[in-house]
Amino acid sequence: MTLIAVQKTEPQPRVTARLNAEATGRAEAQAQEAEAGRKFREQASAKRRLQVSLGILSLVIVVAIYWIITALPSSNPALLPPPGVIVRGFVNGILDGSLFEATQASLGRVAAGYVIGCAVAIVVGSIRGWYRIVGYLLDPVVDAMRPVPALAYIPLVILWFGIGEGARILVIAFASFLSCIVSVTAGMKEVPIVYADAARTLGASERMVFLRVAIPSALPYIFAGLRVSLGAAWGTLVAAELIAAQSGLGYLLQAGQAFFRSELVIIALVIIGLIGYLMDAFLKALQTRLLRWSSRSG
Amino acid sequence: MALKNSMKIDHSETTIDWAPALSVDGIRHYFSPTHAERPFLVLDDINLSIPKGSFVSLVGPSGCGKSTLLRVFAGLIIPTIGRAMLSGEPIEGPNERKGMVFQEDAVFPWLNVQKNVEFGLQMRGMGGRERAEVAREWIELVGLKGFEKSYPRELSGGMRKRVDLARVYASNPEVLLMDEPFGALDALTKLRLQDELLRLWEQSRKTVVFVTHDLDEAVYLSDTVVVMAARPGRISSVYHIDIPRPRRFETRATEQFTALAHRLWGEIEKLEASAGGSSL
Ligand SMILES: Nc1ncnc2c1ncn2[C@@H]1O[C@H](COP(=O)(O)OP(=O)(O)OP(=O)(O)O)[C@@H](O)[C@H]1O
Ligand SMILES: [Mg+2]
């Protein structure tokens, strides 16, 4: 009874709302929209600035630490060349063209091997991932080849083809193929069946379902494969040149060791890292452009 | 063959051509089970004959095999026993004669709205300009004008469903198989698209098989409502909806309409209760 009395005496708060009249505050809304747009752009550029400056900071820290270590009285300049020596070596290498030559030799090999390896991986991987029978046929072979690193084939390749340019490209192509095909196949197996069914009821032939539905649907995976295998190709190249080559960045590494010039080793490492980074950045930009439709495009 | 399941739909109003557009004559379908050892009977002795130009709705408890039956008509599932027929020919696979709106999200995420709607036309070899023209009309009709360049992930669920509808309409199939096409839509859009579908259907008199959980929708749209029961999936009853056409929004308020919808509710409720009981 008391409860009822309390409810009666307390005034109930009511919802209040003002109705939006047509076209009120248009100018104000426009100003607000412009303001919001500016804020979005500012946020984006602030994020970008933060990303870039932190990236640079981490590089600076690594270089600084290196510098400090080389400046310690106990450090051996033959093993840990001071930054001055490295820069001088770098400038010399550029002036006499040897760095350019080495980079060019390596890049040419990687490009050829990578393109061949990935092209074969995309063709074979998409077919074996989509058509079950082909999968049954090829899966044992491909899956048994995968755990063996491409480098392990080098002795055989040398026996068969000698140590020519073709042999090196073959090993790189093989490395690209092995790491690319995994993701391509996985992508084709992940294609939602409802897309293929929808295409069939819209009159697509099986060939069109493969080309116009399965492949585009698997594109995010194919791109992931391309990026992973770029790293594999680049890494294998350096290793292949370490073992058997008279030119290239891997050769430079090995020569630096042989002639006891550690600054050459470090210069080669930095170039290898830089080029690998740039190539991946390129693929990433391409991916963002081509896969705008996908939530995985970032 | 269980006689209680066999039935023929008569469509007395319009058609003189009696060859059914779609029919199944005692088909059975089993799924291979992942857990149990016995094949799972999804469709048990289904007899259904749908005359050309009629609008049939399938209703029934969840899991009773409505989507499966629709896929059989689409040619995406070949039944274990028997064959579905399209205009007297056995259905051996999917093609553009049997258009389907799927229960799942089936819009291609890698194509924008315009290209999605053009897909079927392109598969049929229609030229670029004509294709774009047809697609534009349908996009406008489902209320997506201005979104032609958008990718599906930039659209809401209801908008994606409308892209799907436009895509199937544009490809102009002989029969339209629609699996809860309006299930994900907001109430207003749903009402609008129901009326739009009726208008289209009255013009083209395509055969439509329409799966829905919304009994008002089934009564409003259909010539015939087929009620299915679960475990195993079978036809439990058939209602002919004699409400005169054209039907308009006001039709929903008529006594005839509410009485029919009410009877359907009762029937489904009974089925759900018995399905729940038998599964325990
Ligand atoms: N591919 C499959 N393999 C095995 N069983 C399946 C498969 N597809 C469906 N089923 C089973 O078949 C039965 C009917 O499924 P179906 O999708 O046709 O039901 P539905 O009537 O459309 O249900 P809902 O109204 O929930 O969509 C269900 O019990 C389901 O578990
Ligand atoms: Mg279903």
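Keep in mind the model is a prediction, meaning the values are calculated, not measured.

**What to know about the interface of chain A and chain B**
A common way to express how large an interface is: the accessible area buried when the components associate. Facing the 20 residues of chain A at the interface are 26 residues of chain B. Overall, the association of chain A and chain B removes approximately 2,000 Å² of surface from exposure, summing both partners, and the carbon and sulfur fraction of that is 69%. The tally of links between chain A and chain B comes to 1 salt bridge. Between R71 of chain B and D197 of chain A there is a salt bridge whose closest N-O contact spans 3.2 Å.

**Some words on the UniProt feature "domain: ABC transporter" (unreviewed entry) in chain B**
Per the UniProt record, the feature "domain: ABC transporter" (unreviewed entry) sits at residues 22-255 of chain B. End C-alpha to end C-alpha, residues 22-255 of chain B measures 32 Å, and it is 32% helix and 25% strand.

**Some details on the layout of surface pockets**
Residue and element names in this part refer to chain A. One number sums up the size of the largest pocket: a volume of about 550 Å³. V63, I86, V87, I266 and V270 are, among the 18 residues lining the largest pocket, the residues nearest its centre. Within the residue set of the lining of the largest pocket, elements represented by two or more residues are helix 2 (26-71), helix 3 (83-95), helix 4 (98-130) and helix 11 (262-290). For the lining of the largest pocket, the per-class residue count stands at 17 nonpolar, 1 polar and no charged. Both of domain 1 (2-70) and domain 2 (82-290) provide at least three residues apiece to the lining of the largest pocket. Its boundaries defined by the atoms lining it, the second largest pocket holds a volume of some 410 Å³. What lines the second largest pocket is a set of 13 residues, among which R48, Q51, G55, Y277 and A281 lie closest to the centre. Elements that contribute at least two residues to the lining of the second largest pocket include exactly helix 2 and helix 11. With 7 residues, helix 2 is the largest single contributor of residues to the lining of the second largest pocket.

**Observations regarding the confidence of the model for chain B**
Residue and element names in this part refer to chain B. In the predicted model, chain B carries a mean pLDDT of 87, and 91% of its residues have values of at least 70. Predicted confidence is poor over residues 1-16, with pLDDT under 50, and the contacts of this stretch with residues over four places away or in other chains come to 30 contacts. Two summary scores accompany this predicted model of the complex, namely pTM at 0.83 and ipTM at 0.87.

**Structural notes on helix 9 (residues 206-243) of chain A**
The terminal C-alpha atoms of helix 9 of chain A, which comprises 38 residues, lie only 47 Å apart, well short of the 56 Å expected from a rise of 1.5 Å per residue. Taking the largest bend as the criterion, helix 9 of chain A deviates by roughly 55 degrees, centred on L219 of chain A, and proline P220 of chain A comes between one and four positions later.

**Looking at the site of ligand 1**
Residues and elements named next belong to chain B. Looking at ligand 1, there are 13 residues lining it, with S62, G63, K66, S67 and T68 nearest. Between ligand 1 and the protein, one listed contact pairs an oxygen atom with a side-chain N or O atom of K66 at 2.8 Å. Across the complex, the protein chains shield 62% of the 640 Å² of accessible surface that ligand 1 would expose by itself. Elements with a contribution of two residues or more to the shell around ligand 1: strand 2 (40-51) and helix 1 (66-74). Among the residues making up the shell around ligand 1, the classes are represented as 4 nonpolar, 7 polar and 2 charged.

**Section: a nonpolar patch on the surface**
Together, L50, L54, L57, I61, I65, I68, I69, L72, L79, L80 and F260 of chain A line one region of the surface with nonpolar side chains, adding up to about 1,000 Å² of accessible area. Structurally, the position occupied by I69 of chain A is in helix 2.

**Thoughts on the domain arrangement of chain B**
Residues and elements named next belong to chain B. Splitting chain B by domain gives domain 1 (3-97 + 177-193 + 206-275) and domain 2 (103-172). For domain 1 versus domain 2, the distance between C-alpha centres works out to 26 Å. Summed over both sides, the interface of domain 1 with domain 2 buries roughly 990 Å², with 55% coming from carbon and sulfur. Where domain 1 meets domain 2, there are 3 residue pairs in polar contact (both at pLDDT 80 or more). Residue contributions to the side of domain 1 that touches domain 2 peak at 3 residues, all from helix 5 (residues 187-204). The residue makeup of the side of domain 1 that touches domain 2, split by class, is 6 nonpolar, 2 polar and 6 charged.

**Some details on the pairing of strand 1 (residues 20-31) of chain B**
All names here are of chain B. Taken together, the 9 bridges between strand 1 and strand 2 define a ladder with antiparallel strand orientation. Note that in strand 2 the partner of L22 across the bridge is I50. Summarising the sheet, strand 1 and strand 4 (residues 84-86) pair through 3 bridges and their orientation is antiparallel. Counterpart to S23 in the pairing with strand 4 is M85.

**Some remarks on the pattern of salt bridges**
Where charged atoms from two side chains of opposite charge come close, those side chains can pair. Evaluated as defined, the whole model comprises 23 salt bridges over all chains. Across the salt bridge formed by R28 of chain B and D44 of chain B, the nearest N and O atoms sit 2.8 Å from each other. In this pair, R28 of chain B is assigned in strand 1 and D44 of chain B in strand 2, connecting sequence segments 16 residues apart. Across the salt bridge formed by R97 of chain B and E174 of chain B, the nearest N and O atoms sit 2.6 Å from each other. Taken as a pair, R97 of chain B in the loop between strand 5 (89-90) and strand 6 (98-101) and E174 of chain B in the loop between helix 4 (157-171) and strand 7 (175-179) lie far apart in primary sequence, 77 residues in all. Via salt bridges that share partners, R109, E165, R168 and E241 of chain A belong to a single interconnected network.

**What about the domain arrangement of chain A?**
Here chain A is described as being made up of domain 1 (2-70) and domain 2 (82-290). Centre-to-centre, using C-alpha coordinates, domain 1 of chain A lies 43 Å away from domain 2 of chain A.

The rules behind these values
- Residues numbered from 1 in each chain as written.
- Chains lettered and ligands numbered in written order.
- Predicted model: local features only at pLDDT ≥ 70, side-chain atom pairs only at ≥ 80, totals over all residues.
- Heavy atoms only, no water.
- Contact = heavy atoms within 4.5 Å.
- Buried area = accessible area lost by both parts, 1.4 Å probe.
- Salt bridge = Lys/Arg side-chain N within 4 Å of Asp/Glu carboxyl O.
- UniProt positions renumbered as here; feature names shortened; annotations may be inferred.
- Helix = DSSP H or I, 4+ residues; strand = E, 2+ residues; numbered from the N terminus.
- 1 Å grid on protein atoms, 1.4 Å probe; cavity = no way out; pocket = protein on both sides within 12 Å on 5 of 7 lines; lining within 4 Å.
- Points joined across faces, edges and corners; volume = space filled by probe spheres on them.
- Nonpolar A, V, L, I, M, F, W, Y, C, P; charged D, E, K, R; others polar.
- Domains from an automatic or database assignment.
- pLDDT = per-residue confidence, 0-100.
- Expected span 1.5 Å × (residues − 1).
- Bend = angle between axes of the 7 residues up to and from the residue.
- Near = heavy atom within 4 Å.
- Polar contact = N/O pair within 3.5 Å; in protein donor to acceptor, adjacent residues only side chain to side chain.
- Areas by Shrake-Rupley, 256 points an atom, 1.4 Å probe, with all protein chains shown as cover.
- Patch = residues over 30% accessible without salt bridge, like charges linked within 9 Å, V, L, I, M, F, W, Y side chains within 5 Å.
- Pairing = 2+ DSSP bridges.

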